[in-house]
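Descriptive structure summary
In case you want the letters, here they are:
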Amino acid sequence: MIHLASSSVASKKITRRDTLCAFARAAATFPVLGLLNACGGFSMSHDRAFRQSGLRALAARRGWHFGAAAQSGQLDDPAFARSLAREVNALVPENELKWDALRPSPETFDFRGFEELATFADEHGMILRGHTLVWHESNPAWLESLLKSAPRADAEKILREHITRVTQATQTHIREWDVVNEAIDPRSSRKDGLRETLWLQALGDSYIALAFRAASEADSGLRLVYNDFGLERGDGYGEAKRKAALRLLENLRARGAPIHGLGLQSHLRVDRPLGGRAFTDFLARARCLGLEVSVTELDMRYGNLMGDAEDKDALAQDYLRAYLEQVQQSAPLKSLLTWGLSDRYSWLRQDDDAARGMLPLDVNLERVPMWETLREAWLV
């Protein structure tokens, strides 16, 4: 059975901070709603036109971004490339900007894969989003070996030089970065919930603030984001992760780190309950820290549900609608990216080659119910 957590907010003691945040959220939300009401919604002819041109047209009409992750090699598939051009106005390199792709050796950088994606984005009027400057995975063997014995000063130099070189080399295309990715692990033995990583071992917990400062010092105009998964979950894991994430975000603010956004990866599993009020309260508190919330890696798993394909599709879309409602409860969601556009190239097919409907397009590049849900529950 699927449990859809309620997004209603129970009564509670209202503090001065709650009141100020409520006014801020209202100021951000009501003008958008008023504009839609004044325009009378979308006409049938407009609706048909947007369906033909893709989700990017609906997002662009509101000044928002719908995007997807892609790999440079996927552009060799002409049908997929056409679908990408039709559906998205934002593109994120799935692997091309990770350390192991960029750094074949300590002395060299290889931006060729990124440059292919940047050319495609330029040709089709898309923005590019950077992913990721610091992560515990996808690191070259030489880095892991070097950091094990490097003095702290050398480790800091390596991190700073990488962030500076990469952000400056991509700055004509990328104005927003996932600076630090997945720094929290509720299973950690640490009281702060930080994940044990090569950077934590080399630099201590200051590595996160250091990474944000290094990115800002390299290019002060960048929008800098902390990105993580599982924050929406309505179980003990989700509760612990939200608690650790809020502590981290508050500490970064207290240290004066230049952080502008929180990225919700949103790898949804329909057999898990959503966080409901605990999740929406967490997002409201993050927004009250001055952070804009975005969905950065949306996809869904629901192959283990019982029933036929039509029933499972319906349950999955109900779940996605509930999730989008919770994310948007305290402010509009101006940026949403899926982790891939089509099931044809989804990383989830590594686990289930027969999986379907995990992304807006299926393996044949046809629109599936998820496409309609994004259109109806987010963009219209």
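In case you missed it, the structure is sitting above this.
Residues numbered from 1 in each chain as written. Predicted model: local features only at pLDDT ≥ 70, side-chain atom pairs only at ≥ 80, totals over all residues. Heavy atoms only, no water.

From N to C terminus, the chain includes 14 helices and nine strands. Within the span of the chain, comprising 380 residues, buried residues form 53% of the whole. Long-range pairs, those at least 24 residues apart, make up 77% of the contacts in the chain with a sequence separation of at least 6. (Helix = DSSP H or I, 4+ residues; strand = E, 2+ residues; numbered from the N terminus. Buried < 20%, exposed > 50% of the residue type's maximum accessible area, 1.4 Å probe, protein only. Contact = heavy atoms within 4.5 Å.)

Under the definition given, this model contains eight aromatic pairs. For the ring pair tryptophan 99 and tryptophan 142, a centre distance of 6.4 Å and an interplane angle of 55 degrees mean the geometry is tilted. You can see tryptophan 99 sitting in helix H5 (residues 99–102) and its partner tryptophan 142 sitting in helix H7 (residues 141–149), a full 43 residues away along the chain. Just as tryptophan 99 is buried, tryptophan 142 falls in that class too. When the centroid spacing of 6.0 Å and the interplanar angle of 15 degrees are considered together, the rings of phenylalanine 279 and tyrosine 323 count as stacked. One end of the pair, phenylalanine 279, is in helix H12 (residues 276–288); the other, tyrosine 323, is in helix H13 (residues 309–327), with 44 residues separating them in the sequence. One exposure class covers both phenylalanine 279 and tyrosine 323, and it is buried. (Phe/Tyr/Trp six-rings, centres within 6.5 Å; stacked < 30°, edge-to-face > 60°.)

H12 packs onto helix H11 (residues 236–254) with a crossing angle of 5 degrees between their chain directions and a minimal axis gap of 11 Å. Relative to H12, the element H11 is oriented roughly parallel. For the pair H11 and H12, the contacting residues are Arg242, Ala245, Leu246, Leu249 and Glu250 in the first and Ala278, Phe279, Phe282, Arg285 and Ala286 in the second. A breakdown of the residues in the contact of H11 with H12 according to their chemical character gives seven nonpolar, no polar and three charged. (Axes fitted to C-alpha atoms, helices over the stretch in contact; angles between N-to-C directions. Parallel < 35°, antiparallel > 145°, perpendicular 65-115°, else oblique. Nonpolar A, V, L, I, M, F, W, Y, C, P; charged D, E, K, R; others polar.)

Glancing now at the pattern of salt bridges. All told, the structure shown has 23 salt bridges when counted by the stated rule. As a salt-bridge pair, aspartate 271 and arginine 269 come within 2.8 Å of each other at their nearest N and O atoms. Judged by relative accessible area, aspartate 271 falls into the partly exposed class, the value being 32%. In this structure arginine 269 comes out as partly exposed when scored by relative accessible area, which is 28%. (Salt bridge = Lys/Arg side-chain N within 4 Å of Asp/Glu carboxyl O.)

Of all hydrophobic cores here, the largest spans 102 residues; its most connected members are Leu84, Val180, Trp199, Phe212, Tyr226 and Tyr323. Looking at this core, the element that brings in the most residues is helix H10 (residues 207–218), giving eight residues. Once residues lying within four places of it in the same chain are set aside, the contact partners of valine 180 are Thr132, Val134, Tyr207, Ile208, Ala211, Phe212, Val225, Tyr226 and Asn227. (Core = buried A, V, L, I, M, F, W, Y, C linked by side-chain atoms within 4.5 Å.)

This part takes up the packing of H12 against H13. For the pair H12 and H13, interaxial distance at closest approach is 9 Å and the crossing angle is 35 degrees. When H12 is examined against H13, the residues Gly276, Phe279, Thr280, Leu283 and Arg287 are found in contact with a partner set consisting of Tyr323, Gln326 and Val327. Taken together, the residues that form the contact of H12 with H13 break down as four nonpolar, three polar and one charged.

With that out of the way, let us pick up the environment of glycine 276. Examined against the element boundaries, glycine 276 turns out to sit in helix H12. Residue classification places glycine 276 among the buried positions, given a relative accessible area of 2%. Along the sequence, glycine 276 and valine 327 sit 51 residues apart, while their C-alpha atoms lie 9.7 Å from each other.

Take glutamate 94: it is sitting in the loop between strand S2 (90–93) and H5. Although glutamate 94 lies buried, it forms no salt bridge, and the closest oppositely charged side chain, lysine 98, sits 6.3 Å away as judged by the N-O distance. Leaving out residues up to four positions away in the same chain, glutamate 94 has contacts with Ala69, Ala70, Gln71, Gln74, His131, Trp339 and Trp347. (Lys, Arg positive; Asp, Glu negative; His and termini not counted.)

Between its first and last C-alpha atoms H11 spans 27 Å; for 19 residues at 1.5 Å apiece the expected length is 27 Å, and the two agree. Tyr237, Gly238, Lys241, Arg242, Ala244, Ala245, Leu246, Leu248, Leu249 and Leu252 are the residues of H11 that are buried. As for H11, its buried residues are in contact with H10, strand S5 (223–228), strand S6 (261–264) and H12. Phi turns positive one or two residues past the end of H11, at glycine 256, with a value near 75 degrees. (Expected span 1.5 Å × (residues − 1).)

With respect to burial, strand S3 (residues 127–134) is a largely interior element, seven of its eight residues being buried. Here S2 pairs with S3 via two bridges, running parallel. Along S3, the bridge assignment pairs alanine 90 with isoleucine 127. With four bridges joining them, S3 and strand S4 (residues 174–181) adopt parallel strand pairing. Each residue of the ladder has a partner; that of histidine 131, found in S4, is aspartate 178. (Pairing = 2+ DSSP bridges.)

This part covers the side chain of asparagine 139. Counting through the fold element by element, asparagine 139 comes out in the loop between S3 and H7. Side-chain polar atoms of asparagine 139 contact the backbone oxygen of tryptophan 135, separated by 3.0 Å. If near-sequence neighbours (up to four positions away) are discounted, asparagine 139 is found in contact with Trp99, Asp100, Glu144 and Leu198. (Polar contact = N/O pair within 3.5 Å; in protein donor to acceptor, adjacent residues only side chain to side chain.)

Most of strand S1 (residues 65–70) sits out of view: five of its six residues are buried. One ladder, built from four bridges, connects S1 with strand S9 (residues 335–338); its direction is parallel. Within S9, the position partnered with alanine 68 by the bridge is threonine 338. In terms of handedness, the path from S1 via helix H4 (residues 78–87) over to S2 forms a crossover that is right-handed. (Right-handed = clockwise from strand over helix to strand, strands pointing away.)

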